[in-house]
Amino acid sequence: MAQKLKIAGWISLGVVAGALTTVSLQTVARGTLAPLPLEELQQLAAVFGMVKTNYVEPVDDKKLITDAIVGMVSSLDPHSQYLDKKALKEFNEGTTGKFVGVGIEISQEDGVIKVVSPIEGSPAFRAGIKPNDLIVKIDDTPVKGLALSEGVKRMRGEPNTKVLLTIFRKSESRTFPVSITREEIRTQSVRSKVVEPGYAWIRLSQFQERTVEDFARKAEEIYKQEPKLKGLVLDLRNDPGGYLDAAVAISAAFLPENVTVVSANGQLPESKFTYKASPQYYQRRGGADPLKHLQEVTKGALKSVPLVVLVNEGSASASEIVAGALQDHKRAKLLGNQTFGKGSVQTAVCLDPSFRMDNCPTAALKLTTSRYYTPSGKSIQAKGIVPDVMVDETEEGNLFAALRTREADLTQHLNSGQGEEVKDDAREKAREEARKKLEEELKKPLADRKMPEYGSDKDFQLIQAINQLKGQTVMVSKTQVERPEEKKEE
């Protein structure tokens, strides 16, 4: 048995070392790799051999190697990830804003799927699906009790395939089937409206491939409707981030030419950079600059219009870059809650070096390569951006904010790199109180719940942002304080 293990171990070492040699040659070319740790690799190969020969049932070689890679990468920090084919597809859908499906924004209500809005021009839109329609069955599967993510999965699929949705429309008191052919959908990451004469609102829900174009178009529409705009609210609440280039571009729309937007520092030369408010930093793939046309249409008004930025604990990564840049350059007032605190940059690379990420055929690696810093040199990693004015989510206070997970709550989060983190023992107590409030809130009818839709006339923080722009009284939070950085457990 021992001899068998030894042989299996050395064969495994050859497999592992052979795979690593490819990586090492690529990295040596950049002059950054230390000698391979042969003793540790022998140990890895020995474990591989033991599992192969001793485990209760046969285990696939590829699965073992893949799981070893997944474990190695995921143990680094919460954002580094090995992307297999399925994860890679979901990653590309998230960043490009494109997926194959029916084209509806959904939520959950009373155990079934509720249509918030069909995406304009989508198959669902053309099929006559309306806001507030309830989806009670997807093909032959009842939706009652189905997780929202599972419902999304069942409605997505391959292009030109059909899905049968059974709809209950409350307003007509009837249930009916709708057959929809799936096709590629482009999600809308930008919404906007004129709140009242002279004051407008633009919301970014994510920084995707088309976000800058959509932002420029929405801003142009606002200025056509309100050419003498007195104030603008940029809403980044619950924006989880996305493309760095898009964040730099949105910042550049409001900032003077060529000022610093963000800087980063990591091990490799390419992970040390400074991005400025200039097309050469956000138009790296070429093509027309949508901000140039926006500048011409608005005659540069966006650079000087009074600006308030709304942020909360769900504002992360790219949205924190925008908020930090506008705050540091004193271009905008930040209102709301302290942000998520994801101050790290991830680089995604196809493991087949002959392919780019957007057409990677196999697997990829998403790896944290830098910490980023606001123009004044602050790291927001594990801390977040602190608003200029703390404003609660509702008039009754911050009812559920404590339930939101922040970067500092994540296992093995990267520290800020700027001093000690101090653990806040009051957080768990606040969470428990928020959980009880949420349980009570969910028992109420939907119309009576206290968390209105962003951008609605009952959006408390938006109302306070408009008051700030008008120079009127803002209802500042009496309970919120700046949270200290939380100590990472070793």
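Structure: see above.
Rules of the game
Sequence order as written defines residue numbering, which begins from 1 separately in each chain. Two thresholds apply to this predicted model, a pLDDT of at least 70 for residue-level local features and 80 or more for giving and counting side-chain atom pairs, whereas whole-chain, interface and lining totals are computed over all residues. Hydrogens and waters are ignored; side-chain quantities use all the structure's heavy atoms. A pair of strands is labelled paired if DSSP reports no fewer than 2 bridges between them. The numbering of helices and of strands both runs from the N terminus, where a helix is a DSSP run of H or I of at least 4 residues and a strand a run of E of at least 2. Here, two cysteine sulfur atoms that lie within 2.5 Å of each other are counted as a disulfide. Residue burial is assigned from relative accessible area. The probe radius is 1.4 Å, only protein chains are included, and a residue is buried under 20% of its type maximum, exposed over 50%, and partly exposed in between. Note on geometry: axes are C-alpha line fits, over the in-contact stretch for helices, and angles between N-to-C directions span 0 to 180 degrees. Angle categories are assigned with fixed cut-offs, so that under 35 degrees is roughly parallel, over 145 is roughly antiparallel, 65 to 115 is roughly perpendicular, and the rest are oblique. Contacts are assigned to residue pairs that have any heavy atoms within 4.5 Å of one another. Stacked, tilted and edge-to-face are the three classes applied to pairs of Phe, Tyr and Trp rings, where Trp contributes its six-membered ring and a pair requires centres within 6.5 Å; stacked means planes under 30 degrees apart, edge-to-face means over 60, and tilted covers the rest. Here, over-ring charges are defined by two tests on the NZ atom of lysine or the CZ atom of arginine: distance to the ring centre within 6 Å, and angle to the ring normal within 35 degrees.

Colleague: Go over the sheet that holds strand 10 (residues 190-196) with me, naming the residues and quoting the values.
Modeller: Either a parallel or an antiparallel arrangement is found when strands of a sheet pair, and the pairing is made through backbone hydrogen bonds. The mixed open sheet is built from 6 strands, whose spatial order is 10-11-12-15-16-19. Looking at the sheet topology across the chains shown, the edges are occupied by strand 10 and strand 19 (389-390). Pairing of strand 16 (residues 333-336) with strand 19, which is carried by 2 bridges, proceeds in the parallel orientation. Considered in strand 19, the bridge of Gly 336 is made with Met 390.

Colleague: Which residues make up the state of the cysteines, and what values do they have?
Modeller: Applying the stated criterion to the full structure yields 1 disulfide. The partner cysteine of Cys 350 in its disulfide is Cys 360, sulfur to sulfur 2.1 Å. Classification of the bridge connecting Cys 350 and Cys 360 rests on its S-S torsion, roughly 70°, and on that basis the disulfide is right-handed. Of this pair, Cys 350 sits in strand 17 (residues 344-350) while Cys 360 sits in the loop between strand 17 and strand 18 (364-373), and the two are 10 residues apart along the sequence. As far as burial versus exposure is concerned, Cys 350 and Cys 360 are alike and both buried.

Colleague: Give a detailed account of the packing of helix 7 (residues 211-225) against helix 10 (residues 290-298), specifying residues and quantitative values.
Modeller: Interaxial distance between helix 7 and helix 10 falls to 9 Å at its minimum, and their mutual angle equals 10°. It follows from the interaxial angle that helix 7 and helix 10 lie roughly parallel. Judged by residue contacts, Val 212, Glu 213, Phe 215, Ala 216, Ala 219, Glu 220 and Tyr 223 of helix 7 engage Pro 290, Leu 291, His 293, Leu 294, Val 297 and Thr 298 from helix 10.

Colleague: Account for the packing of aromatic side chains, naming residues and giving values.
Modeller: According to the stated counting rule, one finds 3 aromatic pairs in the structure shown. Relative to Tyr 281, the ring of Tyr 275 lies with its centre 6.0 Å away and its plane at 45°, an arrangement referred to as tilted. Grouped by ring-pair contacts, the aromatic residues Phe 273, Tyr 275 and Tyr 281 constitute a single cluster. Geometry around Phe 99 places Arg 156 over its ring, the cationic atom sitting 4.0 Å from the centre.

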